[in-house]
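# Results of the structural survey
The chain contents come next:
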Amino acid sequence: MTGTDSFLERWFEDYAVGQVERGGSAVITASDIADFARLTHDDHPAHTDAEFAEERFGGLLAHGVLSFAVVVGLTMERNPRLVAYGYDRIRFPAPVLAGDTVAAVSEVVDVSPHARNPKIGLVTKAYTGTNQHGKTVLVCRHIVAVERRNSEEPM
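Below is a short write-up of the structure. (Residues numbered from 1 in each chain as written. Predicted model: local features only at pLDDT ≥ 70, side-chain atom pairs only at ≥ 80, totals over all residues. Heavy atoms only, no water.)

### Overview of the packing of aromatic side chains
To keep it simple, the criterion reads: By convention, a stacked pair of Phe, Tyr or Trp rings (six-membered ring in the case of Trp) has centres within 6.5 Å and planes under 30 degrees apart, an edge-to-face pair has planes over 60 apart, and any other such pair is tilted. Numbered from the N terminus, helices here are DSSP runs of H or I no shorter than four residues, and strands are runs of E no shorter than two. Buried residues are those whose accessible area, probed at 1.4 Å on protein chains only, stays under 20% of the maximum for their type, while exposed residues exceed 50% and partly exposed ones sit between those limits. Two limits define a charge over a ring: the Lys NZ or Arg CZ must be within 6 Å of the ring centre, and within 35 degrees of the ring normal.
Across all of its chains, the model carries 1 aromatic pair by this definition. Judged by centre distance (5.0 Å) and plane angle (85°), the ring pair of F68 and Y87 falls under edge-to-face. With F68 in helix α4 (residues 64-75) and Y87 in strand β2 (residues 82-91), this pair connects stretches of sequence that are 19 residues apart. Given a relative accessible area of 29%, Y87 falls into the partly exposed group. The ring centre of W11 lies 3.6 Å from the NZ or CZ of R81, which sits over that ring.

So this is what it looks like as structure tokens:
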């Protein structure tokens, strides 16, 4: 679907700790890694030299930020009442290599009022990315600002 047909409209009050959403999955190709290296000017040989990377890592290594971007994209919520507020605790516990399939899951771990803006609340989601072997390749916290249904009501 494209356009607003794919939106899922949720207000801050519709979120609860423990809600889990499965993202999708994506294969990270050698071309993806090469394109990302060109775009970001990060041409470390772990990402661009197949012989170097194979010897040290077992294959071309995806940039951590590429892995992060893919997991964020796979868990992206198409909610017009939500906007990214920030990311915390980004970690890459295992590498992503060219040819790996990355799957993503998000879980709501905190719901809280915004300290200065009563029109929004903050929802914190824990993102986990895993490879085709079930190994965790990325974890992070994504804080999103979500419109409140009625900003006059106390939290």
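Picking up after the structure, the text goes on.
### Brief notes about the sheet that holds strand β5 (residues 136-147)
Using the following cut-off: Two strands qualify as a pair provided that DSSP identifies no fewer than 2 bridges between them. The angle between two axes is taken between their N-to-C directions and runs from 0 to 180 degrees, where each axis is a line fitted to C-alpha atoms and a helix contributes only its stretch in contact.
Reading across from one edge, β1-β3-β4-β5-β2 is the order of the 5 strands in this open sheet, with antiparallel pairing throughout. What marks the edges here is a single partner per strand, and that holds for β1 (20-27) and β2. Pairs of neighbouring strands in the sheet enclose a mean axial angle of 25°, with direction left out of account. Bridge count between strand β3 (residues 101-113) and strand β4 (residues 120-130): 10 bridges; the pairing is antiparallel. Opposite S112, over in β4, you have L122 as the bridge partner.

### Quick word on the nonpolar core
Most often, soluble globular proteins have nonpolar side chains that are buried together. To keep it simple, the criterion reads: Working definition of a nonpolar core: buried Ala, Val, Leu, Ile, Met, Phe, Trp, Tyr and Cys residues. They are joined through side-chain atoms within 4.5 Å. Whether two residues touch is decided by their heavy atoms; if any such pair falls within 4.5 Å, the residues are in contact.
The biggest cluster of nonpolar side chains holds 19 residues, and the ones touching the most others in it are I28, I33, A62, L66, V71, V96 and V102. It is α4 that contributes the most residues to this core, 5 residues altogether. In this view, L66 contacts I28, D32, I33 and F36; residues no more than four positions away in its chain are not counted. Counting residues in hydrophobic clusters, the runner-up holds 7 residues, among them F12, V123, V144 and V146.

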